[in-house]
Amino acid sequence: TTSLPYDCAAGYDNWEQGWSQGKKDWCCSKVGRACDPYDCNAGLATAEATWLPAKKTWCCANKNMACTTTTSLPYDCAAGYDNWE
């Protein structure tokens, strides 16, 4: 008998964190398990305007892609500048 390179049932409850990329790719293509719900590379250049909010949220949280930056500065250095002395 020929053994399969991966057991796609073993560790499935934690596949996102616990499986190697090779196992994820193999199980997704051969068995349909451990597939990412979104292709984060598809349309990345126009993500802000064209992606659905769910795809943006998932790709940012899981792939660190298409994240919206909303960081503000802790201080407004121009405020009161005229009176600093």
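Quick caveat: nothing in here was measured; it's all calculated off a predicted structure. (Residues numbered from 1 in each chain as written. Predicted model: local features only at pLDDT ≥ 70, side-chain atom pairs only at ≥ 80, totals over all residues. Heavy atoms only, no water.)

A. Seen up close, the overall build of the protein. Counting secondary structure elements, the protein contains four helices and zero strands. Shown N-terminal to C-terminal, the secondary structure of the protein runs as helices and strands in the order α-α-α-α. Taken over the C-alpha trace, the protein has a radius of gyration of 22 Å; the compact-globule value for 85 residues is 12 Å, which it surpasses by more than 25%. Each of the three principal axes of the protein carries a C-alpha extent, and together these read 85 × 25 × 15 Å. The buried share of the protein, taken over its 85 residues, is 19%. For the protein, restricting intrachain contacts to residue pairs at least 6 apart in sequence, the fraction spanning at least 24 positions comes to 11%. On the protein, roughly 6900 Å² of surface is accessible, and the fraction owed to carbon and sulfur atoms is 52%. (Helix = DSSP H or I, 4+ residues; strand = E, 2+ residues; numbered from the N terminus. Rg over C-alpha atoms; globule rule 2.2 N^0.38 Å. Buried < 20%, exposed > 50% of the residue type's maximum accessible area, 1.4 Å probe, protein only. Contact = heavy atoms within 4.5 Å. Areas by Shrake-Rupley, 256 points an atom, 1.4 Å probe, with all protein chains shown as cover.)

B. Representation of the side chain of Lys56. By secondary structure assignment, the location of Lys56 is in helix 4 (residues 53-63). A residue is classified by how much of its surface remains accessible, and Lys56, at 19% relative accessible area, is buried. Once residues lying within four places of it in the same chain are set aside, the contact partners of Lys56 are Ala47, Glu48, Trp51 and Met65.

C. Fine view of the packing of aromatic side chains. Applying the stated criterion to the full structure yields three aromatic pairs. Between Tyr38 and Trp58 the ring centres are 6.1 Å apart and the planes differ by 55 degrees, which places this aromatic pair in the tilted class. With Tyr38 in the loop between helix 2 (21-31) and helix 3 (47-50) and Trp58 in helix 4, this residue pair connects regions lying 20 residues apart in the sequence. The buried category is assigned to Trp58, whose relative accessible area is 14%. (Phe/Tyr/Trp six-rings, centres within 6.5 Å; stacked < 30°, edge-to-face > 60°.)

D. A look at the environment of Asn64. Among the secondary structure elements, Asn64 is positioned in the segment after helix 4. Classification of Asn64 as exposed rests on a relative accessible area of 63%. When the C-alpha atoms of Asn64 and Cys40 are compared, they prove to be 9.5 Å apart, with 24 residues separating the residues in sequence.

E. Region of the structure containing the pattern of salt bridges. According to the stated counting rule, one finds two salt bridges in the structure shown. A salt bridge links Lys63 to Asp36; the nearest nitrogen and oxygen atoms lie 3.0 Å apart. Of this pair, Lys63 sits in helix 4 while Asp36 sits in the loop between helix 2 and helix 3; the two residues are 27 residues apart in sequence, bridging distant segments of the chain. A salt bridge links Lys56 to Glu48; the shortest N-O distance between them is 3.9 Å. Taking the relative accessible area as the measure of exposure, Glu48 reaches 56% and is therefore exposed. (Salt bridge = Lys/Arg side-chain N within 4 Å of Asp/Glu carboxyl O.)

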